Amino acid sequence: MKKEIISDPESIITMITFIFGSTLILGSAGDAKQDAWISVLIAVAMAVPALFIYARLLFLYPGQDLFDILKRVFGNITGKIIGLLFIWYAFHLGAMVVRNFSEFMAIVAIPETPPMVVILLMGMVCIFAIKDGIELLTRITTFLFPLVLLLILIVVILSLTEANPENLKPVLYDGWKPVFKGAFSAFSFPFAETVIFTMVFSGFKNRISVYKTYYYALLISAVVILIISIRNIMVLGQVGSIVYFPSYVAVSVINIGQFIQRIEVTVAMVFLLGGFVKISVCLYAACKGIAKVFTLGDYRQFVAPIGLFMLIFADNIYESTMEMLEWIKYYPYYAIPFQIILPVIILIGAEIKVRQETIQGTGDR
Amino acid sequence: MKKTVKAVILLLLAVSVLQLTGCWNYREIDKVSIVAGAAIDKERDRYVVTVEVIDMKSGKESVVESKIIEGRGQSIFDAVRNIIQISGKRLYWAHSKILIISQEIAREGVADVIDFYARDSEPRFALYLLISKEETAKDIFLMESFAEDIKSFDIEDMLSSEESVLKVSGIVLYEFINDLGAEGKSATLPSISLILNNDQKRPELSGEAVFKKDRLIGFLDGKESKILHYILDETQGGLLVGEEISQDVDKELTLEVFENGTTTKIKPEYVSGDLTINIEVDITAAIAENRGGNYFVTKESVDQMKKEVEKAMEEKIKNLILKVQSEYGSDIFGFGRTVKADMPKTWKKIKNNWGDIFENLEVKVTVDFKIVNKAMLSQPITIGD
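Note that the structure is a prediction, hence the values are computed from the model and not measured.

Moving on: the overall build of chain B. When you go through chain B residue by residue, the secondary structure sums to 11 helices and 14 strands. For 385 residues, the compact-globule estimate of 2.2 N^0.38 gives 21 Å, and the C-alpha radius of gyration of chain B, at 27 Å, exceeds that figure by more than 25%. Structurally, chain B occupies a C-alpha span of about 105 × 65 × 55 Å along its principal axes. Within chain B, the proportion of its 385 residues that are buried is 36%. Within chain B, residue pairs in contact and separated by at least 24 positions form 67% of the contacts whose partners lie at least 6 positions apart.

Printed below as a string of C-alpha cells:
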C-alpha cells in the first residue's frame, strides 16, 4: 500500500471544507436566536482544547492514524473494540450528511424525485473519489475551494443590502442559558467533528503540520461561520428561527435593482462541495478503519460496498425532515463520547505509553 | 475480446447518458402557468384564490399578456390545485410578485393565509403583501394596466417607486412575518384600492392597514401613513405640502425632503416606573414650489418658516400617535421593540401589560427642520404690470 502524503495547504483546505459541510446550510446555534454569533465564539473557544487533543494524538505517533494508535496503546482486543466504535461514528456521520443533502434537495428543489436518486448521485461521486485515494480528494478540494470562498464572500457582501443591524439587539436578552446551549451544539456540530480526521490523516510532510492543520482550519472556518451567522440574523431576524435552511432563505431575499436576484443556488453550490468532502472523508475513515481493524489489507476494496451501505442507511435513518431536525437537537449528547470522552482516554493512554516506550527505549520514534 | 467488451460497455454508457438527462419530473415552460400575482378572498368557508397568470404567445412579435383565473377550495393550496382543472396547467409560483389579501380575511387573521406562501418552496420570501380596500381582493385585478402588460408587475413597480411619494412602503413576506413575531411591534401592510384615473380603473396605494396581532383593525390614510414613515425612520424623500408645513393652510409652499439628513431617533426613558418615549426627527428639505410669493431671503423669514414647519410636524406626529393609541391600541411604531433593544431589563418588567402601557404612553416629539436650498430660483417670480 503506497503512502499517501498530503501537503499542508491541502489538508487545511480539506478540513475547512469539511467543517463548512452541512453547517453553512443548516445554520449553527439556532437555540440562541439573535445571540447565535456569541454561541459560535464560545464554541470556537471550546474547540481549541478539543482540537488540541486530536492534534496531539497524531503528533505523538507520526505517520500513524487513530486505528494504529489504538492498537499500540490499548493492545489488540481493546484497541479494536474502540476502533469499531469510531468506525460506526464515521459511518453514521457520513450517512447523516448524505441525508441532510437529500432532504435539502427535496425541500428546495425537487420534491417529487425519489430521495434515493439524489442520494445515489451524490454517493457515487464520493465512492469514486475515495476509490482513488484521499490525495485525489484533497486536490480537487484545493482546486475548488477558492471558488467557493469567493462565492461566499460575494454573497455576503450582496446581502448587506438587506441587512438590519437592529436584529442583533437586544444582546443576551434571554440570558446565558440558550447561548451556552447553542455553543454546545455549535461545538459538536461542526467543530469537534474534526475528530474524524484523526482516522484520516497520517501522511503529513512533517510532524508539526498536524497542529497547523487543525488550528488554521479552525480559525478560517470559524471566521466564515461567524460571518454567515451574523448575516443570517441581520437579514432574517425572527424568520431565521422558523425556517429549516436559514442561509438559503437569507440569500433568496437578495434583490439588487431587480437584476441581481434569485442567487440562492450559490448556497446550494457551497453545500454541494462541503457535503461532498464531508461524506467522502467519513467514508474514507470508515473504510480505512474496517481494513485496519479486521486486518484486511487495502481499504480500497471496501469503498464501494461500505459506500453503498452508507447510502442505503442514509435513506432509512429518519422518517421525515422533522425527525432529522429533532435528531440534530440530541446529536451533541450522542457525539460526546466520540468527540470528548474517548479522545481524552486515548490521549492519556498514549501519553503514558509514549513515555514508557521512551524509557524502555523500544519506541521507534 | 477484452477490448470489444470494453468498447461495448463504453457505448452503452454513452447511450444511457442521453436517457438520463434532465430532471425526474421536469416541467417544460409551456406546461406550466407562471403566476404573476394572486388575490385571496373567502366565500363562506371556502377560499377563493384568484391568480394572474402570464400568457405568452409566440409569433412574429412575441406578445405577453395576462389572464385572470380563480379557484375555490377548502384551503389555499386546495384552491390553487383546483385551478389546474380550469387552466389545464400547473401553476408555477416562483415569479409571483404580489399577494393581495381581502379585508374580510385580514380581519379574521392573516397568519392562516400566509402560512402556505411561507411554507411552500416555490413562492419567494420577497413577495409583496397588500390588503385590498375594495369589497373583494380580486376586484383589484379589474384594473387597467399602465406601464407593464402584467397587472401584478404594475403594482410591484408602484410599490418600489413609492419611496419618492412616501405614502406607503412595500412590505415583503419575511418582513411581515418578522413584524408578526416581534415583541413590541405591530405589523402594517400597504392597502390598495381602485380609483378612476382618466376614465380608467387604476389601482392606488391608499395608505397603510393597521394590524393587531395578525388581525386587521383599521386603516391609515395616505397622509397619516406619510407621518408614520417619519416615525419609523423609513423616509426616503417625498414632499411636505400645505398643512404639513404650517397651521395656516394658506402658506402655499411645497418642500422636497431629502433622504440624506432626514432621520428619526426614538429614545425611550424609564424613570421610576414611568415610561416616556422621546422622538427626535431631523428633516432636511429644499423649497420645491413657492406659490405664495414669500421671499425667504432674510434670516428672520427663514427662521420663522423653520419654526412653523417644526411646530406643524410635531403636531402631526403627536396627533397620529394619539389616534393610534386611542383608536387601535396597536404599537405599529415599534416603541416596544425599541425599549426591548435598548433597555432589555425594563422590557422584561413591562412587557406583560405592554398593551395598556402603550395606550397611555407619554410621547415627546422634537422636530429639527433644516432648509438647505431653494432649488433654481433665488427669488419668487416677480409679477409686474
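This is not the end of the story, as more comes after the structure.
Glancing now at the packing of helix 4 (residues 66-108) of chain A against helix 5 (residues 115-131) of chain A. Residue and element names in this part refer to chain A. Interhelical geometry of helix 4 versus helix 5 gives an angle of 130 degrees and a closest axis separation of 9 Å. As the angle between them shows, helix 4 and helix 5 are arranged oblique. Here the hand of the crossing between helix 4 and helix 5 comes out right-handed. Here helix 4 contributes V98, F101, S102, M105 and A106 to the contact with helix 5, which in turn contributes P115, V118, I119, M122 and G123. Residue composition of the contact of helix 4 with helix 5, by class: eight nonpolar, two polar and no charged.

So, on to unusual backbone geometry. Residues and elements named next belong to chain A. Cis rather than trans, the peptide bond between K169 and P170 has omega equal to -10 degrees. Mapping P170 onto the fold places it in the loop between helix 6 (134-159) and helix 7 (177-188). A cis amide bond, omega 20 degrees, links F189 with the succeeding residue P190. If you trace the backbone, P190 turns up in the loop between helix 7 and helix 8 (197-200).

A word on the environment of K213 of chain B. Residue and element names in this part refer to chain B. Checked against the element boundaries, K213 lands in the loop between strand 8 (200-212) and strand 9 (215-221). Under the C-beta neighbour-count criterion, K213 is labelled exposed, with 12 such atoms within 10 Å. Taking C-alpha positions, K213 is 8.6 Å from G181, a pair spaced 32 residues apart along the chain.

Moving on to helix 9 (residues 209-236) of chain A. The first and last C-alpha atoms of helix 9 of chain A sit 40 Å apart over 28 residues, in line with the 40 Å expected at 1.5 Å per residue. G237 of chain A lies just past helix 9 of chain A and shows a positive phi near 60 degrees.

Below, the discussion takes up the domain arrangement of chain B. Residues and elements named next belong to chain B. For chain B, the assigned domains read domain 1 (26-231) and domain 2 (233-385). Spacing between the C-alpha centres of domain 1 and domain 2 amounts to 31 Å. Facing 23 residues of domain 1, the contacting portion of domain 2 comprises 25 residues. Mapped onto the side of domain 1 that touches domain 2, the elements with two or more residues apiece are strand 8, strand 9 and helix 7 (222-231). Of all the elements, helix 7 adds the most residues to the side of domain 1 that touches domain 2, at seven residues.

Bringing the interface of chain B and chain A into the picture now. In this complex, chain B contributes 15 residues to the contact, which on the side of chain A involves 18 residues. Secondary-structure elements contributing two or more residues to the side of chain B that touches chain A are helix 6 (173-181) and helix 9 (335-342) of chain B. Considering every element that reaches the side of chain B that touches chain A, the biggest residue donor is helix 6 of chain B, with four residues. Residue classes in the side of chain B that touches chain A are distributed as nine nonpolar, four polar and two charged.

The rules behind the values
- Residues numbered from 1 in each chain as written.
- Chains lettered and ligands numbered in written order.
- Predicted model: local features only at pLDDT ≥ 70, side-chain atom pairs only at ≥ 80, totals over all residues.
- Helix = DSSP H or I, 4+ residues; strand = E, 2+ residues; numbered from the N terminus.
- Rg over C-alpha atoms; globule rule 2.2 N^0.38 Å.
- Buried ≥ 20, exposed ≤ 12 C-beta atoms within 10 Å, placed from the backbone.
- Contact = placed C-beta atoms within 7 Å.
- Axes fitted to C-alpha atoms, helices over the stretch in contact; angles between N-to-C directions.
- Parallel < 35°, antiparallel > 145°, perpendicular 65-115°, else oblique.
- Left-handed = near helix turned anticlockwise from the far one by under 90°.
- Nonpolar A, V, L, I, M, F, W, Y, C, P; charged D, E, K, R; others polar.
- Expected span 1.5 Å × (residues − 1).
- Domains from an automatic or database assignment.

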